[in-house]
Amino acid sequence: MASLFTKPKKKIVFLASGRGSNLKEVLQWIAKGKIRGIGQTLVSDNPESKALEIAKEYKLPTRILDFRSYSERSEYHKDLLGLLLELNPDLIVTAGYMKILKPEIIRAFSNRIINIHPSLLPAFPGLNAQKQAFEYGVKIAGCTAHFVDEGVDSGPVILQGVVKIKEGMSERDLTLEILKEEHKILPLAVQYFCENRLQIQNRKVSIQ
Ligand code: GRF
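Residues numbered from 1 in each chain as written. Predicted model: local features only at pLDDT ≥ 70, side-chain atom pairs only at ≥ 80, totals over all residues. Heavy atoms only, no water.

Q: What exactly am I supposed to notice about the overall build of the protein chain here?
A: Counting its regular elements, the protein chain contains six helices and nine strands. A compact globule built from 208 residues should have a C-alpha radius of gyration of about 17 Å, and the protein chain, at 17 Å, falls within 12% of that. Structurally, the protein chain occupies a C-alpha span of about 50 × 50 × 35 Å along its principal axes. Taking contacts inside the protein chain between residues at least 6 apart in sequence as the whole, the part at least 24 apart equals 62%. (Helix = DSSP H or I, 4+ residues; strand = E, 2+ residues; numbered from the N terminus. Rg over C-alpha atoms; globule rule 2.2 N^0.38 Å. Contact = heavy atoms within 4.5 Å.)

Q: Help me understand the site of the ligand in this model?
A: Residues in contact with the ligand, as listed here, are R19, G20, S21, N22, G96, I116, H117, P118, Q130 and E182. Within the side chain of R19, an N or O atom sits 2.6 Å from an oxygen atom of the ligand. The side chain of N22 places a nitrogen or oxygen atom 2.9 Å from an oxygen atom of the ligand. For the ligand, whose accessible area on its own is 370 Å², the fraction buried by protein is 87%. Of all the elements in the fold, those that place two or more residues in the shell around the ligand are α1 (21-31) and β5 (113-117). Looking at the shell around the ligand residue by residue, the classes come out as two nonpolar, six polar and two charged. Lining the shell around the ligand are residues from two domains, each supplying at least three of them: domain 1 (9-109) and domain 2 (117-208). (Near = heavy atom within 4 Å. Polar contact = N/O pair within 3.5 Å; in protein donor to acceptor, adjacent residues only side chain to side chain. Areas by Shrake-Rupley, 256 points an atom, 1.4 Å probe, with all protein chains shown as cover. Nonpolar A, V, L, I, M, F, W, Y, C, P; charged D, E, K, R; others polar. Domains from an automatic or database assignment.)

Q: Any chance you could explain the packing of helix α5 (residues 129-136) against helix α6 (residues 171-194) here in plain terms?
A: Packed helices, taken two at a time, are described by their axes: the angle between them and the distance between them. Running from N to C, α5 and α6 cross one another at 125°; their axes reach a closest spacing of 10 Å. In this view, α5 runs oblique relative to α6, as classed from their interaxial angle. Where α5 crosses over α6, the two elements pack in a sense that is right-handed. Side by side, α5 and α6 meet where Q130, K131 and F134 of the first sit next to E171, L174, T175, I178 and E182 of the second. The residue makeup of the contact of α5 with α6, split by class, is three nonpolar, two polar and three charged. (Axes fitted to C-alpha atoms, helices over the stretch in contact; angles between N-to-C directions. Parallel < 35°, antiparallel > 145°, perpendicular 65-115°, else oblique. Left-handed = near helix turned anticlockwise from the far one by under 90°.)

Q: Would you mind going over the packing of α1 against α6 with me for this structure?
A: Taken N-terminus to C-terminus, the directions of α1 and α6 make an angle of 45°; their axes are 9 Å apart at the nearest point. With respect to α6, the axis of α1 lies oblique. Pair α1 / α6 crosses with right-handed handedness. Note on element contacts: α6 touches α1 through L179, E182, H183, K184, L186, P187, L188, V190 and Q191, opposite S21, N22, E25, V26 and W29. Looking at the contact of α1 with α6 residue by residue, the class counts come to seven nonpolar, four polar and three charged.

Printed below as a string of structure tokens:
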């Protein structure tokens, strides 16, 4: 039987729109050999995304689909699907990708898309999750690495990172603490995926 280390590495496509700190963390883990994967391409919808610079630093090929240059949103989503099918990765990681993926993409890559969200799902899905948590006044916040399904931040949970909200903490402090946790759990979720250790049953993920 082929051992884990004789199996081919997984090809990973990243989608990112912004700063790219989560992308950087995963690329670092790949560079250190902690993830049995190969960064295939970064696809960004934003030509000004800092993630593009990070990709360059790690020699990860990039493709830009400039969302603002499309007069029809549906054309953007069609091109994105076409590009992803052409790249045909084993895994897609959405790391600060600010668009909702269309069902056609999710179906084409079912249980092969991992997202990082800055709240303890199912609490506070959608935008500005840290702000939502802070304003609600919760005592425990955090982040979730999860598979993407057709809902918004509703797919099977892989890992969660917890942040206790201390007296006097600002929203900014909270956001930074959550980000530190994101940088731990996203690469770990990708590592588990690349080692075929994640199993989904009745939308529950078990880690082998
Ligand atoms: C992170 O907080 C992530 O959870 C959210 O968007 C932010 C992206 O940060 N989806 P970065 O681009 O990875 O630095």
